Amino acid sequence: MPVVTNIDDLRRIAQRRVAKAISDYVARGSYDEQTLRANRADLEALKFRQRVAIDVDRRSTRATMVGEDVAMPVAIAPVGLTGLNWADGEILGARAAQSFGVPFTLSTMSICSLEDVAGAVSKPFWFQLYVMRDRGFSASLIERAKAARCSALVLTLDLQVQGQRHMDLKNGLTVPPRLTLATLLDVAAKPGWAFNVLTGRRKSFGNLEGRIPDARSLTTLSHWIAGQFDPTLSWKDVEWVRGLWGGRIILKGILDPEDAKIAATTGADAIVVSNHGGRQLDGTISSIRALPEVVQAVGERIEVLFDGGIRSGQDVLRALALGAKGTMIGKSFAWGLGAMGEAGVTKVLEILQKELDVTMALCGLRDVKDASPALLRGA
Ligand SMILES: Cc1cc2nc3c(=O)[nH]c(=O)nc-3n(C[C@H](O)[C@H](O)[C@H](O)COP(=O)(O)O)c2cc1C
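Note that this is a predicted model, so its numbers are computed, not measured.

A. Inspection of the overall build of the protein at higher detail. Scanning the protein from N- to C-terminus turns up 15 helices and 10 strands. A compact globule built from 379 residues would reach a C-alpha radius of gyration of about 21 Å, and the protein, at 20 Å, matches this within 12%. With the C-alpha coordinates of the protein rotated into their principal frame, the extents come out at 65 × 50 × 40 Å. By the burial criterion, 58% of the 379 residues in the protein qualify as buried.

Listed below in structure tokens is the structure:
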């Protein structure tokens, strides 16, 4: 096993181990992937101010996100099909996050169900909801999230229709799944991955299995889901969800200051500035470019979280410097899991925290809560 020193090492190990259809599903973006690339390029373009001769002996990365104490302001973002990167991946991800002291978000499109995860971990986790055309089913998911004692509901707003990811079509990760010779050969070339995933408690969408009439297999469930994303979703539905849920709510997928202002009037607790990791509207701006405009538009009226392109502790600090109260990681998490299971997720969190801590020191910052634009040149 090579010495793992950064997230990119985990990405390489994961991409060697996991079948191509799944590893492309994780890594790739929609259409020409302009927004996927912009998320990274615009983060890297932000330059820190190197400060010296400031006593940085005692430093802290502790913070709060949506009212919860966290070891560092980094939560695990909802990632569909997590359990196809590593058997029972959602449970392992939740366990690693909880021992580390950061929030874990379970996707509606997870392999392990809400109940599987709730039964396997001791602390509350967050649940991400897609509002489906079948409002009765959405309402039942909210009830199940309550019963699972989830501490926040993450309502995703940027997937009323699905952006096309070319690689998913080429790899046969479609509705219904298309098994080509190439896909089969690739799975055959990854026997360790295939054997591991087959030992998982589930191989299909855990939150949907057994709940949708006549839908037992991954194929029929995928069909059902594809017809269930709801283009009619509106702010009225946000009200409806908030009423049913009654607890802390986070609106995910806000990129425009006008939407952020509306979100701040809904009574939601937080927003996530996000373009779905470059997987939806291709050609829109990076989330880091959107962040300062959104922060300016909402001020202190609603907590602002950020995701899109985070691959290091330096990236976390960049987002905090531009006004995010906390961040979320999608691909970095999936790569850690795909590379080494639970230990890989822990490794991701350790890497990010160490990088964050050292970068704070070299910028002359003792407490992560004091991050401000003054950390950056020209911001
Ligand atoms: C493989 C994959 C699956 C995802 N599935 C979901 C999902 O089910 N629900 C959701 O709200 N966001 C989903 N996202 C988006 C992430 O929650 C997050 O916004 C994004 O990954 C952040 O960008 P990053 O991957 O550069 O960290 C997914 C992202 C990836 C990479």
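B. Fine view of the packing of aromatic side chains. Under the definition given, this model contains three aromatic pairs. Both rings, one in Tyr-130 and one in Phe-229, keep their centres 5.3 Å apart while their planes meet at 85°; by these two values the pair is edge-to-face. Here the residue Tyr-130 occupies a position in the loop between strand S5 (126–129) and helix H6 (135–147), and Phe-229 occupies one in the loop between helix H10 (218–226) and helix H11 (235–245), the gap between them amounting to 99 residues. One exposure class covers both Tyr-130 and Phe-229, and it is buried. Where Phe-137 meets Trp-224, the ring centres are 5.2 Å apart and the plane angle is 85°; that geometry is what we call edge-to-face. Here Trp-224 lies in helix H10 and Phe-137 lies in helix H6, a separation of 87 residues in the sequence. By the burial criterion, Phe-137 is buried, and Trp-224 matches it. Positioned above the aromatic ring of Tyr-25, the side-chain terminus of Arg-279 is 4.8 Å from the ring centre.

Basis of the calculations
- Residues numbered from 1 in each chain as written.
- Predicted model: local features only at pLDDT ≥ 70, side-chain atom pairs only at ≥ 80, totals over all residues.
- Heavy atoms only, no water.
- Helix = DSSP H or I, 4+ residues; strand = E, 2+ residues; numbered from the N terminus.
- Rg over C-alpha atoms; globule rule 2.2 N^0.38 Å.
- Buried < 20%, exposed > 50% of the residue type's maximum accessible area, 1.4 Å probe, protein only.
- Phe/Tyr/Trp six-rings, centres within 6.5 Å; stacked < 30°, edge-to-face > 60°.
- Lys NZ or Arg CZ within 6 Å of the ring centre and 35° of its normal.

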